[in-house]
Amino acid sequence: MPAAAPGSSFIRDYVNYARAITDAPEQYHLGVALSLFGAAVADRVAIHRGPAPIPPMFWVFLIGRSSLDRKTTSINIGTAVARETTLAARFIEGTASSEGLHARLAEFPTRLLVYPEFARFLEDAMGNSYATKTRRLMMELADPTTGGVFQHSLSKGVKNQIKDQRLGVLGACASTFIQYRTKRDDWEGGFFGRSIIILGRRTGRSDELMEPNPGVMLYLRQRLDYVTTSQIPHCGGFTTLAAEMFKRWDRINEDRVTTAHHLVQTLYGRLCTTAWKIALIFSLDRGHATQDGWLVDEVSARHAILFCENVWKPSFEYLARRIIPDGEGAHLYLVVRAIEEAGSSGATKADILRRTDILLKRADEAITTLCASKRVVKCNRPSDGEEVYVYEDY
């Protein structure tokens, strides 16, 4: 299990439950568990470092191949577990208008936006639609307010207020969309720059999978219900060893910034703060919140750092190296999607032109680029000998 919390109650058991019923990457389940647990407790606990408390709310995106890596399945397992608990009332599933999102947060300020098909929302937000306003509002709400009031002007001059808002996001998106349709601004301090990116490949253990265990499902729901409704003592920060561990790691990251890919430099600015929040979740889940002033221990800190080092940072760096500049990106994305959708049988050039509706010249340029990068392979289809293009994973 990749950097899972040691001996944790809900998170470890949730990951074990989910991995038994799907061959999705295990790190997906860990990301979903962090999102659920964070949304369950963020209104009552925080790390107190700096000028304002830092509640454990996350923006988590599962990234993988379209229709192959079980991204949506992983999210659906999590929402199914939470559906009959008090946490479900905090969900906003699917796309909401900016007015609707604001109204739901004004009603209760701790919410988890669930987007199993997040690429569709991003596509809409690139045009002139309600999704553009929703995305803008999400960015304004990204940093929680504690003891303060978030005020937003709605349509027709109406102003509404949200106090102590905490907004989390759990979404899934195809890696090809991320690579070819997102812009540099989305990563250099924008939407994805503040998110936990989890890249994965399904394990292929389909012959080992089991039916969902109703008893385990009931236990997970009871545990989630408990943490959503129980009182949580004030967290006093970190043990001496945990604080020293984070301090040393932060110094290492400061040195890494100078040689990092420029898109990854944004990551290093948020790495330590996010690790604090994950460690808080791990420690809370392990039953450490027994009295006011309880401390996040070094075991939770170590595993939070391991998660960031082994899951989040490699995923972010992998995608950052593949972000293509504006211009040819849209054509590349369309061609990749057309070839990927053709599966192992491959797509002819005529197939690509029909599916993408772009000029032959643009298609040829995109195909040349993709073949040179070895993302796409040109070959002859065994069944009829026709020249086709096949995505590398096939």
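Residues numbered from 1 in each chain as written. Predicted model: local features only at pLDDT ≥ 70, side-chain atom pairs only at ≥ 80, totals over all residues. Heavy atoms only, no water.

### A word on the confidence of the model for the protein
Scored by pLDDT, the protein comes out at a mean of 85, with 89% of its residues at no less than 70. Considering each helix and strand of the protein separately, the mean pLDDT is smallest for strand β6 (residues 149-153), with a value of 62, and largest for strand β11 (residues 294-296), with 97. (pLDDT = per-residue confidence, 0-100. Helix = DSSP H or I, 4+ residues; strand = E, 2+ residues; numbered from the N terminus.)

### Some thoughts on the nonpolar core
Soluble globular proteins tend to pack their nonpolar side chains together in the buried interior. Counting residues in hydrophobic clusters, the biggest one holds 106 residues, and the most contacted among them are Y14, L101, M138, F246 and F307. Considering each element in turn, this core owes the most residues, 12 residues, to helix α11 (residues 265-285). When sequence neighbours within four positions are dropped, the list of residues in contact with Y14 reads H29, V32, A33, S74, I77, G78, V81 and L220. Counting residues in each nonpolar core, the second largest holds 15 residues, with A342, A363, A366 and V376 among its members. (Core = buried A, V, L, I, M, F, W, Y, C linked by side-chain atoms within 4.5 Å. Buried < 20%, exposed > 50% of the residue type's maximum accessible area, 1.4 Å probe, protein only. Contact = heavy atoms within 4.5 Å.)

### Topic: the environment of I21
If you trace the backbone, I21 turns up in helix α1 (residues 10-21). Along the backbone, I21 and L209 are 188 residues apart, and their C-alpha atoms lie at a distance of 5.1 Å. Apart from the residues within four sequence positions on either side, I21 is in contact with I77, L209, M210, E211 and P212.

### Structural notes on the packing of helix α14 (residues 349-356) against helix α15 (residues 360-372)
Across the interface, α14 lies against α15 with an axial gap of 11 Å and an inter-helix angle of 115°. Relative to α15, the crossing made by α14 is right-handed. Residues K349, I352 and L353 of α14 lie in contact with α15, whose contacting residues are L360, A363, D364 and I367. Here the contact of α14 with α15 is built from residues that sort into five nonpolar, no polar and two charged. (Axes fitted to C-alpha atoms, helices over the stretch in contact; angles between N-to-C directions. Left-handed = near helix turned anticlockwise from the far one by under 90°. Nonpolar A, V, L, I, M, F, W, Y, C, P; charged D, E, K, R; others polar.)

### Remarks on the packing of aromatic side chains
Under the criterion given, the structure shown has nine aromatic pairs. The interplanar angle of 40° and the centroid separation of 5.4 Å between the aromatic rings of F118 and F121 together place this pair among those described as tilted. Taken together, the residues span about one helical turn, with F118 and F121 both in helix α5 (residues 118-126) at a distance of three residues. Comparing F118 with F121 shows no difference in burial state: the two are buried. A network of ring pairs unites the aromatic residues F61, Y115, F118, F121 and F192 as a single cluster. A cation sits over an aromatic face here: R49 above W276, 5.0 Å from the ring centre. (Phe/Tyr/Trp six-rings, centres within 6.5 Å; stacked < 30°, edge-to-face > 60°. Lys NZ or Arg CZ within 6 Å of the ring centre and 35° of its normal.)

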